[in-house]
Structure formats: structure tokens, C-alpha cells
Amino acid sequence: MEASIMDGTKRRCGVVSGVSTVKNPISLARLVMEKSPHSYLGFSGAEEFAREQGVEIEENEYFITPDNVGMLKLAKESNTIMFDYRIPTAENEKSPLKMNGLPMSAYAPETVGCVVVDSEGRCAAATSTGGLMNKMSGRIGDSSIIGAGTYACEVCGVSCTGEGEAIIRGTLAREVAAVMEYKGFGLQEAVDFVIKHRLDEGQAGLIAVSSKGEVAYGYNCNGMFRGVATQDGLKEVGIWK
Ligand code: ASP
């Protein structure tokens, strides 16, 4: 698992990757930000820091659910890399999406992202994931890369989901902030621009907030699990366009 968090006002961040016993990797990422002199801890060092900090630990078995075992088996049998629960079908096989030459399926409930803006316009973003089904051992995705899967600054907070390799190549989260800063785009305009121009053939999506209190999302895949809640009581969820 891996997770990252960023506080836009102070541009502080904390990241962990390669953890396999930490119940809530995002809490550990926050501790890296607040209690360590570093921004990023990985693998055995991250696990060691987790124990030092006394975060909730679970045996590795806790994370191995029958659902995931089934999905991994399926992914291995069909020699695919997956980032969702959709089974490769004959129809997919006709025009399969490819990642590093392997077919893959296309919408992504594995990652959890959250972006927030407070009444004073301070933005923050966080992303946590188990990554891709049937990923190689040692693979690190976008969710634990500041600027790729997660970014927050004075103008916005962004969290991404989808094909991590494409999100990394496009430095997707940072690009939303960059076009707002350098092109003067509004939040939704920036999100649309980045989804259209920075993703090449990769499939991904993102959620974003601005310091003005706007919320936006965008994706180039079939759907994206998402929700919004505001102080005024607005609450909405969505999956498809
Ligand atoms: N972006 C994540 C990764 O590549 C996967 C996801 O969003 O489901 O690790």
C-alpha cells in the first residue's frame, strides 16, 4: 500500500510506500509530514516508523480478502494488470487497453482520494491505494508521488486515480495547479485541459478543489466513483458521466 498527503498552505507533505501491515497508510503519511524530518519513507523504514509512532498495525493476512485473492487469480490467469473489479470479457479482448503491452480493464475504485478547502481558502489533498492488481513486486504508483497523484498549493488541491504510470508521466496533479497559476485558468477549465492534453493514451481521473471554494472533477475512462459535501449541506455522489 502507499499513500500521500499535502497541506497546500504550507506546502508540507508526507508520503509512504511499500507498507504491508499499516492499517491506515494515510495516517502514517500524515505522521511523516508532521513528526519526521522527511517527506517520504518507504518499505522497511516506513514500517519501522509506523511501529515507533504506534499506529494501528494489522497482520499481513488482514489485507488478503477473498475478493482480492479471486481478482489476483483472474488477473494472473489472463495475464493482465487491473485497476478495477471488472472482469476482462470477450468484448474487451477485441479492443483491449494496453499497459506495457498487457491488456487492462478500465475504471478504478481501488484508490481513495480526498481534497478539501476550508472557509479561509486553504486547500489540502490526500490519496491512498493498494495500487494495481497483479502489479510487479516493488512497483510504486502515482498515489505516493507528490505532483503526480497528489498535490496541493495556495490555489488548489488535487487527487488522482487510474493508471498510475500515465499519471506519473503527465505529472497530472501538479499540472492542474500549473495551468491555473501560469495560464490563469479556472479550476474546471484546468481539470478539463489536463485530462485532455496530459494523459496520452492512459486512463485516469481526478478530483480537485480551489482556494475559491470550487469543486471539479474529470476523467477520460468510463466512470469514476466520486462524491462531494459542502458546509451548506450539498451532498452528491456519482459514478458515470
Ligand atoms: N492510481 C493507482 C495506481 O496506479 C491505482 C488506482 O487509482 O486505482 O497505483
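Residues numbered from 1 in each chain as written. Predicted model: local features only at pLDDT ≥ 70, side-chain atom pairs only at ≥ 80, totals over all residues. Heavy atoms only, no water.

Let's talk about the pairing of strand β9 (residues 156–162)
Step number 1: Along β9, 7 of the 7 residues are buried, which leaves the element largely enclosed by surrounding structure.
Step number 2: Both faces of β9 are covered, namely the face carrying C156, V158, C160 and G162 and the face carrying G157, S159 and T161.
Step number 3: The sheet contact formed by strand β8 (residues 150–152) and β9 spans 3 bridges and is antiparallel. The partner of T150 across the bridge, within β9, is S159.
Step number 4: One ladder, built from 7 bridges, connects β9 with strand β10 (residues 204–210); its direction is antiparallel. (Buried < 20%, exposed > 50% of the residue type's maximum accessible area, 1.4 Å probe, protein only. Helix = DSSP H or I, 4+ residues; strand = E, 2+ residues; numbered from the N terminus. Pairing = 2+ DSSP bridges.)

So, the site of the ligand
Step number 1: Every one of the 11 residues lining the ligand counts as a neighbour, but T111, R139, D142, T161 and G162 are closest to it.
Step number 2: D142 has a polar side-chain atom sitting 2.7 Å from a nitrogen atom of the ligand.
Step number 3: In isolation the ligand has 270 Å² of accessible area, and contact with the protein removes 100% of it.
Step number 4: Among the residues forming the shell around the ligand, the class breakdown is 2 nonpolar, 6 polar and 3 charged. (Near = heavy atom within 4 Å. Polar contact = N/O pair within 3.5 Å; in protein donor to acceptor, adjacent residues only side chain to side chain. Areas by Shrake-Rupley, 256 points an atom, 1.4 Å probe, with all protein chains shown as cover. Nonpolar A, V, L, I, M, F, W, Y, C, P; charged D, E, K, R; others polar.)

Notes on unusual backbone geometry
Step number 1: In this structure, N134 takes a positive phi of about 75° despite not being glycine.
Step number 2: Tracing the chain through its elements places N134 in the loop between β7 (123–129) and β8.
Step number 3: Of note in the backbone geometry, D200 takes a positive phi value of approximately 35° without being a glycine.
Step number 4: For D200, the position within the fold is in the loop between α7 (187–197) and β10.
Step number 5: The partly exposed category is assigned to D200, whose relative accessible area is 47%.

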